[in-house]
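Remarks on the overall topology
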Amino acid sequence: MADEDYYKVLGVSKKASAEEIQKAYRKLARKYHPDLHADDEEKVRDRAKQQFQKVQQAYDVLSDEKKRQMYDQLGPNFEQMRGGSPFGGGSPFGGAGGGEIDLSQIFGGGRGFEDILRQMGGGGPMGGGRGPQAPPPVRGSDVEQEITVPFATAVLGGQHQLSLQRRSGKVDKIDIKIPAGIEMGKKIRLRGQGQSTGGPPGDLLITVNVAPHPSYSRKGLNLQVTVPITLIEAVEGAAIDLPTPHGTVSLKVPSGSSSGKSLRLKGMGIKGKDKSGDLIAVLQIMVPDPLTPVDLEVLNRLDDRWRTAAARGALTW
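Let me begin by describing the structure that accompanies this report. Please read all numbers here as calculations on a predicted model, not as lab measurements. (Residues numbered from 1 in each chain as written. Predicted model: local features only at pLDDT ≥ 70, side-chain atom pairs only at ≥ 80, totals over all residues. Heavy atoms only, no water.)

1. Description of unusual backbone geometry
- For the bond from Asp 289 to Pro 290, the omega torsion is 5°, close enough to zero to count as cis.
- With respect to the helices, strands and loops of the structure, Pro 290 is situated in the loop between β11 (279-285) and α11 (293-300). (Helix = DSSP H or I, 4+ residues; strand = E, 2+ residues; numbered from the N terminus.)

What follows is the structure in structure tokens.
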């Protein structure tokens, strides 16, 4: 940072007023503050942290009239020349400087000063070398819970309410958004819904179980269902109504269909982010039980090629 141009860091001219410097600092602090990048990749977080430190140091100097005058005369090494620290009393977070800024005004009060000190490690531009400080509050522990959602909710998505008992004995009702297509055993993280011991609360980790469906099963994004048909529908063919997660559709059964024949309905499975699965309808011929003597007589009059012995004639070892 020693070779940095503080004016360029803040994006202001060398003739900028104190108000312009403060305004530029507020804008950059909102952009680079580490708390706003907590969910980003590590490289992105590190870059934001480094940039925020540069912004903070530049503001610390330029917001203090005496430091700014010395900086303009001697350059960024002016503190070393006078044997002082570059992080003296001109901090915008308190002290003797003329550029005081309330962090709650910048970040809307969403995080306390202790969180920011913890994020920045307590030293450097943020700590300001102002002496020992109280340790930051300890983050609360995560809480793990399991829920079971209906098969239809796992396929289509929906809401689920969880009753969570806190250590205090209080029972909280927490609404959980179930994403469409979630699989058995997947986890959902709800940030800030875990336990709290006075510091930032932990997270709530929810393991999702899926209840079985009486007719449907799934494999990846595909759904499978067994469709009962009558003997005459198998022989002559038919169009039958089939209830699916996406509404009732007309399933065309080809004539001469046998039990176990699979019919594929494209795109009627689970809707994924990039593609959708299919619906596999497996036909199953249902024989009346019990058969009456009349039923048996009719069946015995059928052509020999219908008899099971002829159908199994191609079987070999």
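2. A look at the nonpolar core
- Among the nonpolar cores identified, the biggest contains 36 residues, and Ile 176, Val 227, Leu 242 and Leu 251 are the most heavily contacted of them.
- Contacts of Val 227, omitting those with residues within four sequence positions, involve Ile 240, Leu 242, Leu 251, Ala 281, Val 282, Leu 283 and Gln 284.
- One finds Val 12, Ile 21, Phe 52 and Phe 78 within the second-largest nonpolar core, a separate group that totals 20 residues. (Core = buried A, V, L, I, M, F, W, Y, C linked by side-chain atoms within 4.5 Å. Buried < 20%, exposed > 50% of the residue type's maximum accessible area, 1.4 Å probe, protein only. Contact = heavy atoms within 4.5 Å.)

3. Thoughts on a nonpolar patch on the surface
- Where nonpolar side chains cluster on the molecular surface, the patch consists of Leu 231, Ile 232, Val 235, Val 287, Leu 291, Leu 296 and Leu 299 and spans about 540 Å² of accessible area.
- At the level of secondary structure, the elements contributing two or more residues to the nonpolar patch comprise α10 (231-236) and α11.
- No other element matches the three residues that α10 contributes to the nonpolar patch.
- Assignment of secondary structure puts Leu 291 in the loop between β11 and α11.
- Under the relative-accessibility criterion, Leu 291 is labelled partly exposed at 30%. (Patch = residues over 30% accessible without salt bridge, like charges linked within 9 Å, V, L, I, M, F, W, Y side chains within 5 Å. Areas by Shrake-Rupley, 256 points an atom, 1.4 Å probe, with all protein chains shown as cover. Salt bridge = Lys/Arg side-chain N within 4 Å of Asp/Glu carboxyl O.)

4. Topic: the packing of helix α3 (residues 42-62) against helix α4 (residues 65-74)
- One can describe the packing of α3 onto α4 by two numbers: an axis separation of 6 Å at closest approach and a directional angle of 100°. The orientation of α3 relative to α4 falls into the category roughly perpendicular. Of the residues in α4, those touching α3 at Asp 60, Val 61 and Leu 62 are Lys 67, Arg 68 and Tyr 71.
- For the contact of α3 with α4, the residue count by class is three nonpolar, no polar and three charged. (Axes fitted to C-alpha atoms, helices over the stretch in contact; angles between N-to-C directions. Parallel < 35°, antiparallel > 145°, perpendicular 65-115°, else oblique. Nonpolar A, V, L, I, M, F, W, Y, C, P; charged D, E, K, R; others polar.)

5. So, α4
- Buried within α4 are the following residues: Lys 67, Arg 68 and Tyr 71. Buried residues of α4, seen end-on, are gathered within an arc of 100° and therefore sit on one face of the element. Summarising the geometry of α4, the exposed residues directed more than 90 degrees from the buried face are Glu 65, Lys 66 and Gln 73.
- Of the residues that open α4, the one with a side-chain oxygen 3.0 Å from the backbone nitrogen of Lys 66 is Asp 64.
- Of the residues flanking the end of α4, it is Gly 75, one or two places downstream, whose phi is positive at about 90°. (Arc of directions from axis to C-beta. Polar contact = N/O pair within 3.5 Å; in protein donor to acceptor, adjacent residues only side chain to side chain.)

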